[in-house]
Amino acid sequence: MQAHVLEGGFDNHAVDSSHAFRAVMTAMARPGQIATLQGALPPAPLSKAAGVVLLTLCDPETPIYLAPSHDSQQLRDWITFHTGAPFVTAEAAIFAVGTWQDLPVSAFAIGTAEYPDRSATLIVECESLSNTGAVLRGPGIKDQTALSLPKTDAFQSNAALFPLGLDFIFTCSDRLAALPRTTRVG
Amino acid sequence: MYVAVKGGERAIDNAHAWLAEERRGDTDVAELSVAQIREQMALAVNRVMAEGSLYDPDLAALAIKQSRGDLIEAIFLIRAYRTTLPRFGGSNPIDTDTMQCDRRVSATFKDAPGGQVLGPTFDYTHRLLDFKLAADGEAPKAPSTTAPTEPTPHIMSFLDRENLIQPEKTSDATPDDLTRKPLELPASRALRLQSLARADEGFILGMAYSTQRGYARNHAFVAELRIGAVAVEMDIPELGFAIDIGEITVTECETVNQFQGSKTEPPQFTRGYGLVFGMTERKAISMALVDRALRWKELGEDNLGAPAQDEEFVLYHSDNIQATGFLEHIKLPHYVDFQSELELIRKLRREAQDAMSQEAAQ
Amino acid sequence: MSDYNFAYLDEQTKRMIRRAILKGLAIPGYQVPFASREMPMPYGWGTGGVQVSAAILTPDDTFKVIDQGADDTTNAVSIRRFFQKTAGVAVTEATTEASVIQTRHRIPEQDLRDDQILVYQVPIPEPLRFLEPSEVETRKMHSLEEYGLMHVKLYEDISQHGDIATAYAYPVKVEGRYVMDPSPIPKFDNPKLEMAGIQLFGAGREQRIYAIPPYTQVVSLDFDDYPFQPTKADHACDLCGAEDSYLDELIVDDAGGRMFMCSDTDYCTSRRKNGHVGAQGVPFKEDAA
């Protein structure tokens, strides 16, 4: 195992993860709002923000799917060392990481009628992230906002599945925004 | 003029100080040591370990001391302590075939290999207060013999050889753990057994008793009750084999119950199972009866609507820490809810009285 | 309490709770099952709220705890102290200064800002529980959006009493989908469930977490001819004179004499500090109640 696999985690796990979770929670509660995260230095190609999300939310109880864009031995070793999360196929994943093009969106669990929470959360690595583009409305949004989504129709059909569906976290460098299934994309 | 009451913080501090003083009791009487509780209140310690789900006699004894002998309070202390402990791994299943039995009785066979061993039981004591104990608790040494080196076979294995007892499904899957995953219904048998093993002794006793009195009666015989020490082993991946990490005393009860059979199955006995930390035979027998009652669905029996057959009812109400917390929370202030009901009932009465006086006027 | 982790819970437990909170926010009003832990206070005394607070607090937070609207009720004091000890957070009684507020049975009178979080302690999270005791059945009803039983109950109230006989824990429908129990807040507080802050609900014993994101539609169930009415005692606060706040009723003498005062103690004190005086109040002085 290479030395840098052991590096890049939280310095003070309890405190760093508390700040990180607050940022992620606020993002999920306020779709489209962009937050800046600190605390992790994962190996490329994983962004800092995506690394922080994995360190904050993942452990041996959360199987992860890595899209081809992110499936390297180095990244697997880093995630294994810092979280202990197992790697699985898209169908069995609770979290997934990758670029939009490489994520098999229709393969992930969308929950069941009795347990809609048993659905995957997709961490989508983006080239850019800004409050431009698609118009968002719904819970967490006062009137409306905008977010640079990689696509529009996929998120419209996801919202149509409500209360089932996927939830998304968009990451770019050290920044992140979220889009739960409740958000209506215009 | 009115000055609002304040002082919650001081009241709490004073209450805690008073509680500590009451716990100690009269200081002219020697203080009780944790070791004394562990050694001389061993059955209380066992119950706290069983329902606290933590095998540690010293901690259980400490909890009993701290809780002034309130066992549910002691169980609560142990549960709160264990829940945030880091998990290093899971042990292998214990093998009760290898148990060093201190007690082993069967109600189904007069004798069997291994014999009947009464052990340190209250069963045939006459329940007469022993006033000698008030002055002198020393006991003469009990007669002893060398423990058999041969393992004691399970009575059920003899029925098994004749195919008279329904075989249990074997599985190497790691069972769910209700302390790590929220309870989901219908629950697997493994999860039910875990829940029953932690459940309040009194509740499970009452449920088991209700089956004996006809609420889903299932004709249980104690095929075997055994109490003794077993080794706990754990696989160490780095070593590639299992090592012995300690020894625990457990009580195991297997009941043999009647089964009518069906068109495809000739009649066969079925089994209820109880396994509890420590020397806790009342709980283990009760657990076996309730386990058997909850198996009605898999055994194709009728749902008689008995409480002990209703897994949701049993599993949701058997945990004394959940039950006592919610029960006692009604002591907390409910001014706001009560106020809203006060207003509502005044309004409803006013409206009703207005309507009545209108009717009277007409 | 240096033996314990920041905010008491171990990190794995926090991650499990944090994941449940995120799913709760993504499915407003839906009760997410979570593996509630035994906390060092009894079930029924706020363990759900405490676990949610422990999972969301950062060392930078300012924490406020109210029970029945008041900061100095004994259980509120106990929970506030727990987090002072285990998380080292700053605490306050002032609603406007708090970043996280844990509450039992009330929503503060002061509107919350978008940088504030309200954490509710919930005893029975299932709004259908007293109509149908079985969890298996109520879960099915939610999945099928089958809420007829609730409407029948409310309608039977009207036919028997001429009014809906639910005064607290008044059911709401969130974002047009899930019927939700807002915890035992008086129905006076229901309109405030649509707010700028994040609302998180924790039921420890019942192992459920749910959430309402900011600006989410929350409708109290009613009928066209019997519209929902938030009600309070028809009085003003005798201490601060407020006419818009929810009131506690006190028995003040042996003859059964009554007085009314704000249940939200911070709201009342702030008003008195600003010179408002009620019928039986005295001008505000520091340290005098």
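### A closer look at the side chain of B:Arg271
Residues and elements named next belong to chain B.
Point 1. Here Arg271 lies in strand β4 (residues 270-277).
Point 2. Residue Arg271 is classed as buried on the basis of its relative accessible area of 12%.
Point 3. A distance of 3.5 Å separates a polar side-chain atom of Arg271 from the backbone oxygen of Gln166.
Point 4. In terms of polar contacts, Arg271 uses its side chain to reach the side chain of Glu254, at 3.0 Å.
Point 5. With near-sequence residues (within four places) excluded, Arg271 lies in contact with Met156, Ile165, Gln166, Glu168, Arg189, Glu254, Thr255, Asn257, Asp291, Arg292 and Arg295.

### Regarding the sheet that holds β4(B)
All names here are of chain B.
Point 1. Reading across the sheet, the four strands line up as β1-β2-β3-β4 and stay open at both edges, with antiparallel pairing between neighbours. Edge positions in the sheet fall to β1 (100-105) and β4, since each has one partner strand and no second. When the angles between neighbouring strand axes are averaged without regard to direction, this sheet yields 25 degrees.
Point 2. Note: strand β2 (residues 220-236) against strand β3 (residues 241-257), 16 bridges, orientation antiparallel. Each residue of the ladder has a partner; that of Val232, found in β3, is Gly246.

### Let's talk about the domain arrangement of chain B
All names here are of chain B.
Point 1. In terms of domain boundaries, chain B breaks down into domain 1 (12-83) and domain 2 (96-119 + 149-169 + 179-321).
Point 2. Summarising the inter-unit geometry, the C-alpha centres of domain 1 and domain 2 are found 29 Å apart.
Point 3. Across the contact, 15 residues belong to domain 1 and 19 residues belong to domain 2.
Point 4. Considering only the surface of domain 1 that becomes buried against domain 2, Glu51, Tyr55 and Arg79 emerge as the three largest contributors, covering 42% of it.
Point 5. Linking domain 1 with domain 2 are two salt bridges, by the criterion used here.

### Section: the pairing of strand β9 (residues 208-212) of chain C
All names here are of chain C.
Point 1. With five of its five residues buried, β9 lies for the most part within the structure.
Point 2. Residue alternation in β9 divides its side chains into two sets, Arg208, Tyr210 and Ile212 and Ile209 and Ala211, and both sets are buried.
Point 3. Bridge count between strand β1 (residues 32-33) and β9: two bridges; the pairing is antiparallel. If you follow Pro33 over to β9, its bridge partner there is Arg208.
Point 4. The pairing of strand β8 (residues 198-203) with β9 spans five bridges and is classified as antiparallel. Residue pairing for β9: Gly202 is matched across the bridge by Ile209.
Point 5. Hairpin connection of β8 to β9: four residues between the antiparallel strands, including Gln207 at a positive phi of 60 degrees.

### Re the environment of A:Cys126
Residue and element names in this part refer to chain A.
Point 1. Take Cys126: it is sitting in the loop between β4 (121-125) and β5 (134-137).
Point 2. The buried category is assigned to Cys126, whose relative accessible area is 17%.
Point 3. Remark: the alpha-carbon pair of Cys126 and Ser173, spanning 47 residues in sequence, is separated by 8.5 Å.
Point 4. In this structure, Cys126 is in contact with Phe170, Thr171 and Cys172, ignoring residues within four places of it in sequence.

### Quick word on the sheet that holds strand β2 (residues 64-66) of chain A
Residue and element names in this part refer to chain A.
Point 1. Read from one edge of the open sheet, six strands run β1-β8-β7-β4-β3-β2, paired in mixed fashion. Bordering the open sheet on either side are β1 (35-36) and β2, each of which pairs with just one other strand.
Point 2. With three bridges connecting them, β2 and strand β3 (residues 95-99) associate as parallel partners. Each residue of the ladder has a partner; that of Ile64, found in β3, is Phe95.
Point 3. Against the sheet, helix α2 (residues 48-57) makes contact with β2, β3, β4, β7 (167-172) and β8 (175-179), and its axis sits at roughly 160 degrees relative to β4, the strand it touches most.

### Some details on the nonpolar core
Point 1. Counting residues in hydrophobic clusters, the biggest one holds 87 residues, and the most contacted among them are A:Met25, A:Leu176, C:Ile21, C:Leu25, C:Ile56, C:Phe83 and C:Leu200.
Point 2. Counting residues per element, this core draws most heavily on helix α1 (residues 13-29) of chain A, which supplies nine residues.

### Observations concerning the packing of α1(A) against α2(A)
Residues and elements named next belong to chain A.
Point 1. Close contact between α1 and α2 brings their axes to 9 Å; oriented N to C, the two are set at 115 degrees. Classified by the interaxial angle, the pair formed by α1 and α2 is roughly perpendicular. Every pair of crossing elements has a handedness; the one defined by α1 and α2 is left-handed. On α2, the residues touching His13, Ser17, Ala20, Phe21 and Val24 of α1 are Val52, Val53, Leu55, Thr56 and Leu57.
Point 2. Here the residues of the contact of α1 with α2 are counted per class, giving seven nonpolar, three polar and no charged.

Conventions adopted
- Residues numbered from 1 in each chain as written.
- Chains lettered and ligands numbered in written order.
- Predicted model: local features only at pLDDT ≥ 70, side-chain atom pairs only at ≥ 80, totals over all residues.
- Heavy atoms only, no water.
- Helix = DSSP H or I, 4+ residues; strand = E, 2+ residues; numbered from the N terminus.
- Buried < 20%, exposed > 50% of the residue type's maximum accessible area, 1.4 Å probe, protein only.
- Polar contact = N/O pair within 3.5 Å; in protein donor to acceptor, adjacent residues only side chain to side chain.
- Contact = heavy atoms within 4.5 Å.
- Pairing = 2+ DSSP bridges.
- Axes fitted to C-alpha atoms, helices over the stretch in contact; angles between N-to-C directions.
- Domains from an automatic or database assignment.
- Buried area = accessible area lost by both parts, 1.4 Å probe.
- Salt bridge = Lys/Arg side-chain N within 4 Å of Asp/Glu carboxyl O.
- Core = buried A, V, L, I, M, F, W, Y, C linked by side-chain atoms within 4.5 Å.
- Parallel < 35°, antiparallel > 145°, perpendicular 65-115°, else oblique.
- Left-handed = near helix turned anticlockwise from the far one by under 90°.
- Nonpolar A, V, L, I, M, F, W, Y, C, P; charged D, E, K, R; others polar.

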